[in-house]
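Structural description and commentary
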Amino acid sequence: MSSRHASGGLRVATLALVSLVLLSTVAGTVAAQSYQGASGTIIIGPDETYDSVEGVAGTVIVRGTVTGDVETAAGTVHVTEAGEVGGNIEAAAGTVRIDGTVGGNVSVAGGTVEIGETAQIGGHLEAGAGFLAIHGTVDGTVRAGAEEFVLGPTASVGGDVRYDAATFTRDPEATIGGSVVQDESIGDSAGPDSGEFALPSWIGVVYGLLVNLLLGAILLAAFPSFSARVAGHVAERPAKSGGVGLLTLVAVPVVLVVLLFTIVGIPLSLVGAVIFGVAVWVAVVYGQFAAGSWALSLADRENRWLALVVGLIGFAILGAIPVVGWVFELLALLLGLGALALTLRESYQRRGNVADGRQTTLDEIDSDTTAA
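Since the model is a prediction, treat every value here as computed from it, not as a measurement.

Criteria and cut-off values
- Residues numbered from 1 in each chain as written.
- Predicted model: local features only at pLDDT ≥ 70, side-chain atom pairs only at ≥ 80, totals over all residues.
- Heavy atoms only, no water.
- UniProt positions renumbered as here; feature names shortened; annotations may be inferred.
- Helix = DSSP H or I, 4+ residues; strand = E, 2+ residues; numbered from the N terminus.
- Phe/Tyr/Trp six-rings, centres within 6.5 Å; stacked < 30°, edge-to-face > 60°.
- Buried < 20%, exposed > 50% of the residue type's maximum accessible area, 1.4 Å probe, protein only.
- Pairing = 2+ DSSP bridges.
- Patch = residues over 30% accessible without salt bridge, like charges linked within 9 Å, V, L, I, M, F, W, Y side chains within 5 Å.
- Areas by Shrake-Rupley, 256 points an atom, 1.4 Å probe, with all protein chains shown as cover.
- Salt bridge = Lys/Arg side-chain N within 4 Å of Asp/Glu carboxyl O.
- Polar contact = N/O pair within 3.5 Å; in protein donor to acceptor, adjacent residues only side chain to side chain.
- Expected span 1.5 Å × (residues − 1).
- pLDDT = per-residue confidence, 0-100.
- Contact = heavy atoms within 4.5 Å.
- Axes fitted to C-alpha atoms, helices over the stretch in contact; angles between N-to-C directions.
- Parallel < 35°, antiparallel > 145°, perpendicular 65-115°, else oblique.
- Left-handed = near helix turned anticlockwise from the far one by under 90°.
- Nonpolar A, V, L, I, M, F, W, Y, C, P; charged D, E, K, R; others polar.

**Here's the deal with the UniProt feature "transmembrane region" (unreviewed entry) in the chain**
Per the UniProt record, the feature "transmembrane region" (unreviewed entry) sits at residues 202-223, 244-264, 270-291 and 303-321. From the first C-alpha to the last, residues 270-291 spans 32 Å; its make-up is 100% helix and 0% strand. Structurally, residues 303-321 comprises 84% helix and 0% strand, and the distance from its first C-alpha atom to its last is 27 Å.

**A closer look at the packing of aromatic side chains**
For any pair of aromatic rings, the description rests on two quantities: the centre-to-centre distance and the angle between the ring planes. Across all of its chains, the model carries 4 aromatic pairs by this definition. Their ring planes at 55° and their centres at 5.3 Å tell us that Phe149 and Phe168 sit as a pair that is tilted. Here the residue Phe149 occupies a position in strand β13 (residues 142-151), and Phe168 occupies one in strand β15 (residues 161-170), the gap between them amounting to 19 residues. Accessibility expressed as a relative area gives 25% for Phe168, which makes it partly exposed.

**A short note on the sheet that holds strand β2 (residues 49-50)**
Taken together, the 8 strands give an open sheet; going across it, the order is β2-β4-β6-β8-β10-β12-β14-β16, and neighbouring strands pair in parallel fashion. Looking at the sheet topology across the chains shown, the edges are occupied by β2 and β16 (175-176). When strand β14 (residues 156-157) meets β16, the two strands line up parallel, connected through 2 bridges. The residue of β16 that forms the bridge with Val157 is Ile176.

**Remarks on a nonpolar patch on the surface**
Residues Ile321, Val323, Val324, Trp326, Val327 and Leu330 make up a contiguous nonpolar surface patch of roughly 540 Å² in combined accessible area. For Ile321, the location among the structural elements is in the loop between α7 (304-319) and α8 (325-371).

**Examining the environment of Trp281**
Here Trp281 shows up in helix α6 (residues 265-298). Here the side chain of Trp281 touches Asn212 through a polar contact of 2.7 Å, side chain to side chain.

**Quick word on helix α4 (residues 224-236)**
Taking 1.5 Å of rise per residue, the 13 residues of α4 would be expected to cover 18 Å, and the 18 Å separating its terminal C-alpha atoms lies within 8% of that figure. When we look at burial in α4, the residues that qualify are Phe226, Ser227, Val230, Ala231, Gly232, His233 and Val234.

**Things to note about the confidence of the model for the chain**
Model confidence for the chain is summarised by a mean pLDDT of 81, while 78% of its residues fall at 70 or above. A low-confidence stretch, residues 1-32 stays under pLDDT 50, and its non-local contacts, those more than four residues away or across chains, total 30 contacts. In the model, residues 194-200 has pLDDT below 50 throughout and makes 9 contacts with residues more than four positions away in sequence or in other chains.

**Side note on the packing of helix α5 (residues 238-260) against α6**
The interhelical angle for the contact between α5 and α6, taken along N-to-C directions, is 155°, at an axis separation of 7 Å. One way to sum up the angle between α5 and α6 is to call them roughly antiparallel. Crossing of α5 against α6: the hand is left-handed. Contact with α5, carried on its side by Thr248, Leu249, Val252, Pro253, Leu256, Leu259 and Leu260, involves Gly265, Ile266, Leu268, Ser269, Gly272, Ala273 and Phe276 of α6 and no other residues of that element. Tallied by class, the residues present in the contact of α5 with α6 amount to 10 nonpolar, 4 polar and no charged.

Have a look at this one:
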């Protein structure tokens, strides 16, 4: 077999592997009947029905139906007005908002927990939060520990409300079927027992690192020159790469939202959202790889595989720093997204120049033939 055919076979194989990785990542949001694992975003679409959701994610959004339980540790958990969970919800998250229907119990812990006006919880609510607001319906009892606890005018609780809060506000219009009791013994015990469902935090970190290493290895093997150009943009023009990345991160979602308001644009918006999500993931890996390449260049070393490992492990460590870790991860995203956009534009322009050159050559040949 010739080297050219071998190279082509490698390219096909690596692209196939990329497809498998991407399909396995998105499977939880488009095809599977149940979700288990870790992901950047878990979305249950309006026309989708899942048996259950269990995993670690940046964002969990339920717009469709989950017939069973939702058990997750996430940055944000949102059951929209159209969303329906037949079983229980157990979640630990930065923000939890429920606007839809939950057939069972809700046990959550978060910085902010809100039960919207349209929410209907068939069982009990147990919450530990910095800020807790109930504006919807809870058929069972409420047990809450919070810094600030608000029962709004549209709140309706079938049973008792037991709480421990520094600040408690009850609107006179709120409907409580049982008693309202301040119980200082609740403390910070309200909310889910993390040992029952949440994975240790280091498992999510290791999982994400391994998946990113796999994607990075595939990108470097399939597109070595393209990957080198992306890293070059970050090293040579970091400010421009970061600026373009920020513009892309803001502009693309705006365009996708605008497309949703047009009948023709709805499918384009949905497909574009998936593509952009994948692009953001690739950009994060490229941004960390580029930072690793820059770090090795300071030591007069040049090895793309070592740069990938150094970059991804380095950012995994930086990202674990409390309070400021997310800043480093955002920086890698902006640099990688901007460099990716710039490199794609250059590739497109290069192909256009090649096509123009071929057309000029054909015109010259045609002119010479006519003259002859």
